[in-house]
Amino acid sequence: MTSNPTIKSILETALERERKGRDFYQKAARTTASEKAKHMFDWLVGVEQTHIQKLSRQLDVLANTGKFEQMSHPAIKRVKSSDLPPAPEVDGPVTADTGELDALSMGMKAEREAATFYAKAANDSADPEAKALLNHLAEDEREHLAVLEEEYNWLKKSGEYFTIHRFELPSA
């Protein structure tokens, strides 16, 4: 039985972080001029919304039963550098909007912090379902970080967004 108020607090903090992340990516999607960047940011909105749904569901179940609901946490397809073609060597300034680079940089920072937060919370949790959920979220955030880092590095080298097939909306 999980009645630990610390777990509830961790989930509430996580839920708030996910909402802020979703809102940040929604704003980035609205303000970018690039359709490819919009697609990437919309994808991130979708994955943040999936996290919001998972966390909300667990908070509801925890409040009603005092336990976590066992959830499936499907393995995520890892992004590999080999998924991206080599960036062309371009002379001259990057043509992307500086705000977009800033958004990617801020997103990378947020994803890194979220991954660390979830990993620490999972490590501190004695409840196996809480540990599984938090480890799954930490893995997701590391995946988001990898996506943003690849996009950022590609954009700095080429001046163009390169969003590949990996940007599919996740299932809840």
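Relevant structure appears above.
Now for a look at the structure at hand. (Residues numbered from 1 in each chain as written. Predicted model: local features only at pLDDT ≥ 70, side-chain atom pairs only at ≥ 80, totals over all residues. Heavy atoms only, no water.)

Counting its regular elements, the protein contains four helices and zero strands. Secondary structure of the protein in N-to-C order comes out as α-α-α-α. Residues classed as buried in the protein amount to 45% of the 172 residues present. The contacts in the protein between residues at least 6 apart in sequence include a share of 79% that link residues at least 24 apart. For the protein, the computed accessible surface area is about 9,400 Å², with 52% contributed by carbon and sulfur atoms. (Helix = DSSP H or I, 4+ residues; strand = E, 2+ residues; numbered from the N terminus. Buried < 20%, exposed > 50% of the residue type's maximum accessible area, 1.4 Å probe, protein only. Contact = heavy atoms within 4.5 Å. Areas by Shrake-Rupley, 256 points an atom, 1.4 Å probe, with all protein chains shown as cover.)

Glancing now at helix α2 (residues 35-65). Taking 1.5 Å per residue, 31 residues should reach 45 Å; α2 reaches 45 Å between its end C-alpha atoms and fits that length. One or two residues past the end of α2 sits Gly-66, with phi positive at roughly 80°. (Expected span 1.5 Å × (residues − 1).)

Leftover empty space is mapped by rolling, across the atoms, a probe with the size of a water molecule. The computed volume of the second largest pocket comes to approximately 220 Å³. When contributions to the lining of the second largest pocket are tallied by element, the ones reaching two or more residues are α1 (5-31) and α3 (98-124). (1 Å grid on protein atoms, 1.4 Å probe; cavity = no way out; pocket = protein on both sides within 12 Å on 5 of 7 lines; lining within 4 Å. Points joined across faces, edges and corners; volume = space filled by probe spheres on them.)

Evaluation of the coordinates by the stated rule reveals seven salt bridges. The shortest N-O distance in the salt bridge between Lys-38 and Asp-42 comes to 3.1 Å. In this pair, Lys-38 and Asp-42 are both assigned in helix α2, four residues apart and thus about one turn of the helix distant. A relative accessible area of 30% means that Lys-38 is categorised as partly exposed. In this structure, the salt-bridge partner of Arg-112 is Glu-149, at a minimum N-O distance of 3.3 Å. Taken together, the residues span a long stretch of sequence, with Arg-112 in helix α3 and Glu-149 in helix α4 (residues 128-158) at a distance of 37 residues. Residue Arg-112 is classed as partly exposed on the basis of its relative accessible area, which comes to 39%. Judged by relative accessible area, which is 30%, Glu-149 ranks as partly exposed. (Salt bridge = Lys/Arg side-chain N within 4 Å of Asp/Glu carboxyl O.)

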